[in-house]
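Observations on the three-dimensional arrangement
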Amino acid sequence: MSFERSIAAFGRAKNVIAGGVNSPVRAFRAVGLSPVFMKSGSGAILTDVDGRHYVDYVLSWGPLLLGHAHPAVVKAIAAAAARGTSFGTPTEIETELAECIVAAMPSIERIRFVSSGTEATMSAIRLARGYTRRPKIVKFAGCYHGHADAFLISAGSGALTNGVPNSPGVTEGTARDTIVLPFNDAAAVERTFVEHPDAIAAVVVEPYPGNMGLVLPQPDYLKRLRELCAEHRALLIFDEVMSGFRVGPGGAQARTGVVPDLTTLGKVIGGGLPVGAFGGRADVMSYLSPEGPVYQAGTLSGNPLAMAAGLATLRAIRDDATLFERLEVLTRVLTEGLSEIAAKHGIAHTVARAGSMFGIFFTDGPVVDLESAMKSDTAFFAKYYAAMLDRGIYLAPSQFEAGFVSTAHTTRHVEQTLTAADASMAHAAAQRAQAATPVSR
Ligand SMILES: *Cc1c(COP(=O)(O)O)cnc(C)c1O
C-alpha cells in the first residue's frame, strides 16, 4: 500500500498553507519523509487517507490519554455543542474542571484557563514578573515552553550569560531577559542567582522534559531548584503542559513531592480540544486582572466544548483507581522490550520512561540534558522511523520528541509494536552497516 493520497494532499496543502502544515514538526523534515495525512482515529489506532492503519504513540502530541474518540469524551463534546458553542460569560463547567484540577495538583489553589500551552506559559511568566517586579527568567536548554518570544532563546556561548534569539523575529531585548542553562545542573542555577541578584523573577522548567526526547531529572534536582528559588525569592514554575495528568494524576509535582509556586497545564486537560491553564499559589494568582494589576484575557478562554472534553477526560482518570498503574506497566513492557531488541541488534541506545511517557535515544548515554541527547544518531533514527511507519507504527517524526501510551493501548498493541521494532531495527542496522562499508573499486 502506498502513501499516494498523503503525498498528493501535502502537495495541495503547500499551495495554500505555509509549508503545508500548521505546526512545523508535522512536516516530517527531521525524518526526510512526506507527512502522513490522517483521516480518523479510534482508540489506539490511527487511519490515514490511504487507508493504512497505525498503532499511535503520538496521540496528538500527548493530549489523548484515553485514546482517540473515547466514547465519554465524544458524548460530552456533542452534548456541549448542542447547548451552544461559546457564550463569553462564566459557565459552571469551568468551575467544575477547575475543581477537578485543584483537587489533583498539589501546587494549584487558583487557576485560569486559556486556549493553548503557549498562552499558559506566556501568561505565567508575565504574572511572575508582575508579582516579583523582576525582569529575568531562567529556562533550560532543550525544555520547550511553547512559542512565545521569551522562550525562543538559546544559551549564549562561553562567558555570555544572556540568551540569544533562536528565531528571527525575536529581539535582542527580549533575549536579554532569558537566561538559558543546562538541565540537571543545579550548580549552574545557584551561580546564576548569585550573578543576577534580585533580577530573576522565575525559574521555568519541564520537570520531566519531553521535548528533547524524554530526559529524566536526577534525584534531588527539582528539590534543589525549589530551595534555590525560595532562597532567592524567585518563583518556581513547573511547565506540566505535557506531564500533567500524563506521568500521574498529580503530574510530576505529585510524583516527586516538589511543589512549585506556579504550574502550567495543557494537552490532557483539554482531552483533545484546545485548552491550556496556569495556576498556583492563591496570593500570586490574585495579582491577575481583574483582582490585581497583571493583565491577561481570552475571547474563547474556558470554552464550553473544550471544558466538556477536559472534564470527561479528568473524570475518567479520577474514577479509575488503577489507570496510571496500568499505563505505567504497559509503558514499562514497551520500553524494556525496545531496549532488549536494540541490544540484540547491537544498537547503542538509552531508554527512559515516566508514567505513560517514554523515549529511546540511539546513543549509549547517559542522557541527562540537551547536549547528551544531541549525541543520538539521528540518521539511524530516520531509518528506524521509516521502517516502523511501513509496519504500521506511528511514532513522532523526530528523535527529540517523547512517545505516549493511552488507556486504549493493550498488550497486543505493544506486542505488535515490538515485532515491528525487531524488524525495523534489524533493517536500519543493516542499512547503516552498508553505508559505512567503503565502496570497493
Ligand atoms: C506542548 C507544550 C507546550 C506548548 O503547548 P501548545 O498547546 O502547543 O501551545 C508548552 N510546554 C510544554 C512542556 C509542552 O509540551
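Residues numbered from 1 in each chain as written. Predicted model: local features only at pLDDT ≥ 70, side-chain atom pairs only at ≥ 80, totals over all residues. Heavy atoms only, no water.

1. Things to note about the side chain of Thr264
Mapped onto the elements of the fold, Thr264 is located in strand β11 (residues 262–265). Judged by its relative accessible area of 0%, Thr264 is buried. A polar contact of 2.9 Å, which involves the side chain of Thr264, links it to the side chain of Asp239. Not counting the four nearest positions on each side in its chain, Thr264 is found in contact with Ala120, Thr121, Ala124, Ile237, Phe238, Asp239, Glu240, Val241, Ala277 and Phe278. (Helix = DSSP H or I, 4+ residues; strand = E, 2+ residues; numbered from the N terminus. Buried < 20%, exposed > 50% of the residue type's maximum accessible area, 1.4 Å probe, protein only. Polar contact = N/O pair within 3.5 Å; in protein donor to acceptor, adjacent residues only side chain to side chain. Contact = heavy atoms within 4.5 Å.)

2. A short note on the packing of helix α3 (residues 92–104) against helix α10 (residues 304–318)
In the contact formed by α3 and α10, the axes pass within 9 Å of each other and the chain directions differ by 35°. Relative to α10, the crossing made by α3 is left-handed. Note on element contacts: α10 touches α3 through Pro304, Met307, Ala308, Gly310, Leu311, Leu314, Arg315 and Arg318, opposite Ile93, Glu94, Glu96, Leu97, Cys100 and Ile101. Here the residues of the contact of α3 with α10 sort into 9 nonpolar, 1 polar and 4 charged. (Axes fitted to C-alpha atoms, helices over the stretch in contact; angles between N-to-C directions. Left-handed = near helix turned anticlockwise from the far one by under 90°. Nonpolar A, V, L, I, M, F, W, Y, C, P; charged D, E, K, R; others polar.)

3. A word on the sheet that holds strand β13 (residues 350–354)
Taken in spatial order, the 3 strands of this open sheet run β13-β14-β16, and their pairing is antiparallel. Since the sheet does not close on itself, it has two edges, and those belong to β13 and β16 (403–404), each with one partner. Bridge analysis of strand β14 (residues 357–361) against β16 gives 2 bridges, and the strand direction is antiparallel. Paired with Met357 across the strands is Phe404, a residue of β16. On the sheet, helix α11 (residues 323–344) packs against β13 and β14 and is oriented at approximately 180° with respect to β13. (Pairing = 2+ DSSP bridges.)

4. Here we look at the site of the ligand
Around the ligand, the neighbouring residues are Ser116, Gly117, Thr118, Tyr144, His145, Gly146, Glu206, Asn211, Asp239, Val241, Met242 and Lys267. Contact distances for the ligand include 2.7 Å between a nitrogen atom and a side-chain N or O atom of Asp239. Within the complex, the protein chains bury 82% of what would otherwise be the 380 Å² of accessible surface of the ligand. (Near = heavy atom within 4 Å. Areas by Shrake-Rupley, 256 points an atom, 1.4 Å probe, with all protein chains shown as cover.)

5. Focus on the nonpolar core
Among the nonpolar cores identified, the biggest contains 67 residues, and Tyr57, Ile101, Phe113, Ile269, Leu314, Leu338 and Tyr384 are the most heavily contacted of them. The leading source of residues in this core is α10, at 9 residues. When we break this core down by domain, the ones giving at least three residues each are domain 1 (4–69 + 321–431) and domain 2 (71–318). Here Tyr384 is in contact with Leu338, Phe362, Leu395, Ala421, Ser424, Met425 and Ala428, once residues within four sequence places are set aside. (Core = buried A, V, L, I, M, F, W, Y, C linked by side-chain atoms within 4.5 Å. Domains from an automatic or database assignment.)

6. Side note on the sheet that holds strand β2 (residues 45–48)
Read from one edge of the open sheet, 4 strands run β1-β2-β3-β15, paired in mixed fashion. Each edge of the sheet is formed by a strand with only one pairing partner; in this case those strands are β1 (38–42) and β15 (393–394). Sheet topology places strand β3 (residues 53–56) next to β15; 2 bridges connect them, and they run parallel. Its bridge partner lying in β15, Val55 is registered against Ile393.

7. Concerning unusual backbone geometry
In this model, Ser289 is joined to Pro290 through a cis peptide bond whose omega is 10°. Residue position: Pro290 is located in the loop between α9 (282–285) and α10. Residue Gly365 is joined to Pro366 through a cis peptide bond whose omega torsion reads 0°. With respect to the helices, strands and loops of the structure, Pro366 is situated in the loop between β14 and α12 (370–373). Unlike most non-glycine residues, Ala69 shows phi in positive territory, near 50°. Given the relative accessible area of 51%, Ala69 is considered exposed.

8. As for the domain arrangement of the protein chain
Structurally, the protein chain comprises domain 1 (4–69 + 321–431) and domain 2 (71–318). Of the residues lining the interface, 31 residues belong to domain 1; the matching set on domain 2 comes to 32 residues. For the pair domain 1 and domain 2, the two sides together bury roughly 2400 Å², of which 68% comes from carbon and sulfur. Taken together, the links from domain 1 to domain 2 amount to 1 salt bridge. Two residues, Glu328 and Arg255, come together in a salt bridge whose shortest N-O distance is 3.3 Å. (Buried area = accessible area lost by both parts, 1.4 Å probe. Salt bridge = Lys/Arg side-chain N within 4 Å of Asp/Glu carboxyl O.)

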